[in-house]
Amino acid sequence: MPAPWPHHWLPTEGNHNQRLTFLSRCEISAVESHHRTGKPLNLNFPNNNNMLHVFHENTRDIKTCHKLGDAHQGIGLAVYSVRRTLRPLQESVIRVKRRYPLPLSTIYSIVSTSYETRSFVDSGSRYFSASWGGIQWEKQVRHSAQISRSDDIRNGGGKMSVLVTGAAGFVGSHVSLALKKRGDGVVGIDNFNNYYDPTLKKSRKNLLSKNGIFIVEGDINDAKLLAKLFDIVAFTHVMHLAAQAGVRYAMENPNSYIHSNIAGLVTLLETCKSANPQPSIVWASSSSVYGLNEKVPFSESDRTDQPASLYAATKKAGEEITHTYNHIYGLSITGLRFFTVYGPWGRPDMAYFSFTRNILQGKPITVYRGKNLVDLARDFTYIDDIVKGCLGSLDTSGKSTGSGGKKTGPAPYRIFNLGNTSPVTVPTLVSILERHLKMKAKKNIIDMPGNGDVPFTHANISSATDEFDYKPTTDLQTGLKKFVRWYLSYYGYNHGKPIN
Ligand SMILES: O=C(O)[C@H]1O[C@H](OP(=O)(O)OP(=O)(O)OC[C@H]2O[C@@H](n3ccc(=O)[nH]c3=O)[C@H](O)[C@@H]2O)[C@H](O)[C@@H](O)[C@@H]1O
């Protein structure tokens, strides 16, 4: 007789990103009965590295089952949608949709197919739509896409209905709000993964929802979902901001970069190429494509063939991939190289954000220092300036020329730096934060580890200025003041501190 089921549930530790398993109620009861009776499920599921992360739909608890031996193989089998494999096979992501109670034999065949193909792309989402579909859902999409402004011409852009990918993300949420505010139609899509705290993403979603913007919960690798969205709405533009961000995390979870920044991008482009009419696409590349480039400031024509991180390499690959879709299918493409964007509702994995949290909690911060004791520097760019750059890009993007998947003439292909043009060192960033927080940081200064970082970034923004009058107006001092104000109102002074 196997030990009782809850005995094997231990709290998950660390970043369990992309390793959640979702069990439906019927599956849980199937497994529980397996445990009660001790009868084997008689199906041969690959040993899941003796570890499985389980999301219990009733309690919304996340647990980790350790020591998944023979007696526990049923847990793996009682799963009916494989999300995708971002980590080695054994740590495959499994997602379940309550609405599709399938026989275990079907589940098994799907699970094993996915295991065999070792695909970067989720095969499960092709079988099952997770949280989309239905009349009510379509109504929400349509409603969100409605254009409310009456002027026909805005800087040549005209009225827009925009699909914003990564809409629950930092830049995505700000851009969505700005578009909606000026009367454009906006529909968001976001997979709400837990690379960083998903509750922050949910809060952004709530904010957007209050402003009449609907975010579809789904992954850009879900071609069916994307096709459905284009069925419902003739999007004029796609603002593609969904990505696996972060420079250093690429060493921990390289496949997540391939999944989102390569496979997801291609899935999106495939949808856009076949859409009729084809939308114009503006998407987020990154200043990191300049890699080890030493010529300053960085101009769009500078070399970008020396990426220092896998993250940078996937963004550079994105630039090449979008070029081919522009060339073959006539898609209008604008790539924006963002320079270390910061501000309210920002990303907790970024230095300014985690420094703030640690300073407030009295915890030490690690400040990296470059070769020969030179401070690292970034062209930190405030979110409102980036939003203006995104809207300017959308307004001037020009039309795609393809029809029925075929190009009928050349379409614009553009790349712009969106930076601030005034790099600031990381120690200066820290001292600005100390001033705003009225607290001293406990600094651990160490040599920059070989983790994909570059020593400095500095944007030449003249192309964007010429093309759509891009002029950043917020310096780091002012921008961080706004960030700190937001941070304190959102988290309070005790963010993350255990309450005794
Ligand atoms: O502009 C870009 O292309 C990139 O900007 C940021 O990447 P990064 O500049 O590395 O931003 P942070 O992670 O906030 O780091 C800023 C600086 O602080 C330093 N840092 C970071 C973390 C830390 O603990 N200590 C530390 O000194 C880094 O070395 C870097 O010089 C974003 O995280 C990327 O997603 C984005 O694409």
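Each value, and the rule that gives it
- Residues numbered from 1 in each chain as written.
- Predicted model: local features only at pLDDT ≥ 70, side-chain atom pairs only at ≥ 80, totals over all residues.
- Heavy atoms only, no water.
- UniProt positions renumbered as here; feature names shortened; annotations may be inferred.
- Patch = residues over 30% accessible without salt bridge, like charges linked within 9 Å, V, L, I, M, F, W, Y side chains within 5 Å.
- Areas by Shrake-Rupley, 256 points an atom, 1.4 Å probe, with all protein chains shown as cover.
- Salt bridge = Lys/Arg side-chain N within 4 Å of Asp/Glu carboxyl O.
- Lys, Arg positive; Asp, Glu negative; His and termini not counted.
- Charge placed at Lys NZ, Arg CZ, Asp CG, Glu CD.
- Helix = DSSP H or I, 4+ residues; strand = E, 2+ residues; numbered from the N terminus.
- Expected span 1.5 Å × (residues − 1).
- Buried < 20%, exposed > 50% of the residue type's maximum accessible area, 1.4 Å probe, protein only.
- Pairing = 2+ DSSP bridges.
- Axes fitted to C-alpha atoms, helices over the stretch in contact; angles between N-to-C directions.
- Contact = heavy atoms within 4.5 Å.

If you look the chain up in an unreviewed UniProt entry, it shows as UDP-glucuronate 4-epimerase from Papaver somniferum. In its Sequence similarities (unreviewed entry) section, the UniProt record describing the chain reads: "Belongs to the NAD(P)-dependent epimerase/dehydratase family."

S.K.: Where do I start with a positive patch on the surface in this structure?
M.R.: Side chains of Lys438, Lys481, Lys482 and Arg485 sit close together on the surface and give a patch of like positive charge. Looking at the secondary structure, you find Arg485 in helix H15 (residues 476–491).

S.K.: In this structure, what is going on with helix H13 (residues 426–437)? I would like to understand it.
M.R.: Every α-helix winds through 3.6 residues per turn, so residues three or four apart in the chain are directed the same way. Between the first and last C-alpha of H13 there are 16 Å, a value that for 12 residues agrees with the 16 Å anticipated at 1.5 Å per step. Among all positions in H13, only Val426, Leu429, Val430, Ile432, Leu433, Glu434, His436 and Leu437 are buried. Immediately downstream of H13, the backbone of Lys438 shows phi near 55 degrees, a positive value.

S.K.: Quick question: what am I supposed to make of the sheet that holds strand E17 (residues 413–418) here?
M.R.: Sheets are built from strands paired through backbone hydrogen bonds, the pairs being either parallel or antiparallel. Spatial ordering of the open sheet is given by E9-E8-E7-E10-E11-E12-E17, a layout of 7 strands whose pairing is parallel. Each of the sheet's edge strands pairs with one partner strand only, and the pair in question is strand E9 (214–217) and E17. For this sheet the average axis-to-axis angle between neighbouring strands, irrespective of direction, equals 20 degrees. Here strand E10 (residues 237–240) pairs with strand E11 (residues 280–286) via 4 bridges, running parallel. Opposite Met239, over in E11, you have Val282 as the bridge partner. With respect to the sheet, helix H6 (residues 170–181) is in contact with strand E7 (161–165), strand E8 (185–190), E10 and strand E12 (333–338), its orientation differing from that of E7 by roughly 165 degrees. Against the sheet, helix H12 (residues 383–395) touches E10, E11, E12 and E17, its axis set at about 170 degrees to E12.

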